[in-house]
Each structure stands twice: as structure tokens, then as C-alpha cells.
Amino acid sequence: MPQKLLVVDDEESIITLLSYNLEQAGFQVDTAMDGKEAMEKVRNASYELVVLDLMLPEMDGLEVCRQMRQDKVSIPILMLTAKDDEFDKVLGLELGADDYMTKPFSPRELVARVKAILRRVDQAPVQKEENMTTDKKLLIGHLTIYPENYEVYVNDEQLELTPKEFELLLYLSHNKGRVMTRDQLLNAVWNYEFVGDTRIVDVHISHLREKIEPNTKKPVYIKTVRGLGYKFEEPPVT
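Because the structure is predicted, anything quoted here is derived from the model rather than measured.

Participant: I keep staring at the UniProt feature "modified residue: 4-aspartylphosphate" (unreviewed entry) in the protein and nothing clicks. Help me out?
Facilitator: With numbering matched to this structure, UniProt assigns "modified residue: 4-aspartylphosphate" (unreviewed entry) to Asp-53. Along the polypeptide, Asp-53 turns up in strand β3 (residues 49-53). Owing to a relative accessible area of 3%, Asp-53 belongs among the buried residues under this scheme. With residues up to four places along the chain from it excluded, the contact list for Asp-53 reads Val-8, Asp-9, Asp-10, Gly-61, Leu-80, Thr-81 and Lys-103.

Participant: Would you take a moment to explain the packing of helix α8 (residues 182-189) against helix α9 (residues 199-212) for this structure?
Facilitator: The description of two packed helices rests on the angle between their axes and on the distance between the axes. Where α8 contacts α9, the axes come no closer than 9 Å and their chain directions differ by 85 degrees. Compared by their axis directions, α8 and α9 come out roughly perpendicular. Between α8 and α9, the contacting residues are Arg-182, Leu-185 and Leu-186 on the first element and Ile-200, Val-201 and Asp-202 on the second. Each residue belonging to the contact of α8 with α9 can be placed in one class, and the counts come to four nonpolar, no polar and two charged.

Participant: Help me out: how do you make sense of α9 in this one?
Facilitator: Since there are 3.6 residues in each turn of an α-helix, residues three or four apart along the chain are aligned in direction. With 14 residues, α9 should cover 20 Å at 1.5 Å per step; its first-to-last C-alpha distance of 20 Å lies within 8% of that length. Buried residues of α9: Ile-200, Val-201, His-204, Ile-205, Leu-208, Arg-209 and Ile-212, and no others.

What counts and what doesn't
Residues numbered from 1 in each chain as written. Predicted model: local features only at pLDDT ≥ 70, side-chain atom pairs only at ≥ 80, totals over all residues. Heavy atoms only, no water. UniProt positions renumbered as here; feature names shortened; annotations may be inferred. Helix = DSSP H or I, 4+ residues; strand = E, 2+ residues; numbered from the N terminus. Buried < 20%, exposed > 50% of the residue type's maximum accessible area, 1.4 Å probe, protein only. Contact = heavy atoms within 4.5 Å. Axes fitted to C-alpha atoms, helices over the stretch in contact; angles between N-to-C directions. Parallel < 35°, antiparallel > 145°, perpendicular 65-115°, else oblique. Nonpolar A, V, L, I, M, F, W, Y, C, P; charged D, E, K, R; others polar. Expected span 1.5 Å × (residues − 1).

Below is the structure:
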């Protein structure tokens, strides 16, 4: 049975072009032309992946992405943007998108990217779930992590983490004491090689430090290992 995708864009020409090329590649395609329709379909049907335009009427792509992840809808999201703006790309990824493409793009490239994302998800989901959810609670220094609830506390104060920030923190905590390269973190947290762009790891590490470190200039949890990557450590008892 063909894998079912949802394509969300407010331009009918884009919908037609992407639907044709994805169907030619063997996928079953459903479509939506605004954010509210997209959310309704996601909540009432099963999809393997969502191709989601950033600029949408009713509800923009960033809000759709945020609500999907808030609703614990974990299917991959490939975000489309007409803006060559690093802020929009990073914000979309922080909210839970798995990849992005900037318009204009080749339909063949988009099909290849969709296949790559699905291939990576198919290869690693079981391992990720086992690693991420076996512990009911993790205690590291002043941090308390609840994997099943996607909750993190510093002392008794709950932190507001994006889904990817949480998954990155959880993966680092499960590999406490080990040096993890940026490529390893991309592969583990984003489930596929992120087109060689490791800057997104640095952005998420920086945001995590702002939320969990007492002093971001002297981090005690997430240490930078120059030339290699990052290492998560348990701070000394004070």
C-alpha cells in the first residue's frame, strides 16, 4: 500500500505540481490549502509525512507545526519557505519541523528529500523510542527530566522547551560523559543527515544552555569539546 502524504500550500499550481510528482513516485497524496484545513486533516487521518508551506492563510505553517508537536503528532514535517531567511528556517526547526526547502525548488529534489526523510525514519524509529522513553525520570544535577511527559524541571521550576530542544537534551542525557559530534546529534535527534548543515545543532545547544545553565558563559551541563562536538556532564555537587 502506498505511503500517504499531506501537501499543504495555498498556491494551486504548487499543489498540482507536487501532487503529480509525488504520485508519480508512488505516494498517495492528500492536500490542504490553509493551516486550519491542514490541522483538521492531520487530526482525522494518518499520514507518513507532511509537506508544509510556511506562508498560509488562516494559520501559518509555523503555527501548524507548533500545534502538531503540541498534540504529540510526531510524523515528519518538510517545511517550504519562499523566504531565504535563516530565522524562519531555524524557528521552524525549533518548533519541530524535520527539514526545510526554499522556493523555488526542483520537484525532483523535493521527492528525493521526502524519500530520504522517510528512509531515515524507517531505519531508526524503534531504537529512538527505546532509548528515549525507558526511564520514568532522570535526575542530573538540578535537572529532573520526565521522558514520557516531555517535561524538564530545574529544581521545582518547569522549563519551556521546544520538542527538538527536549529531544536533544534527552539524547545528551542518555549519553552522559560521551563526546557527541554534531553529525551524531543530527543523525540521532533529527533522524537523518541534515544536509550537512550542523549549525542547527549549535543553535539548539545555545538555546538549551540559556534554559538549563546557571551561567551560560561557564556551562556545567553541556560542555564544548573543541574540534569534536559536545559532552553532557553531571555538575559537581556544591
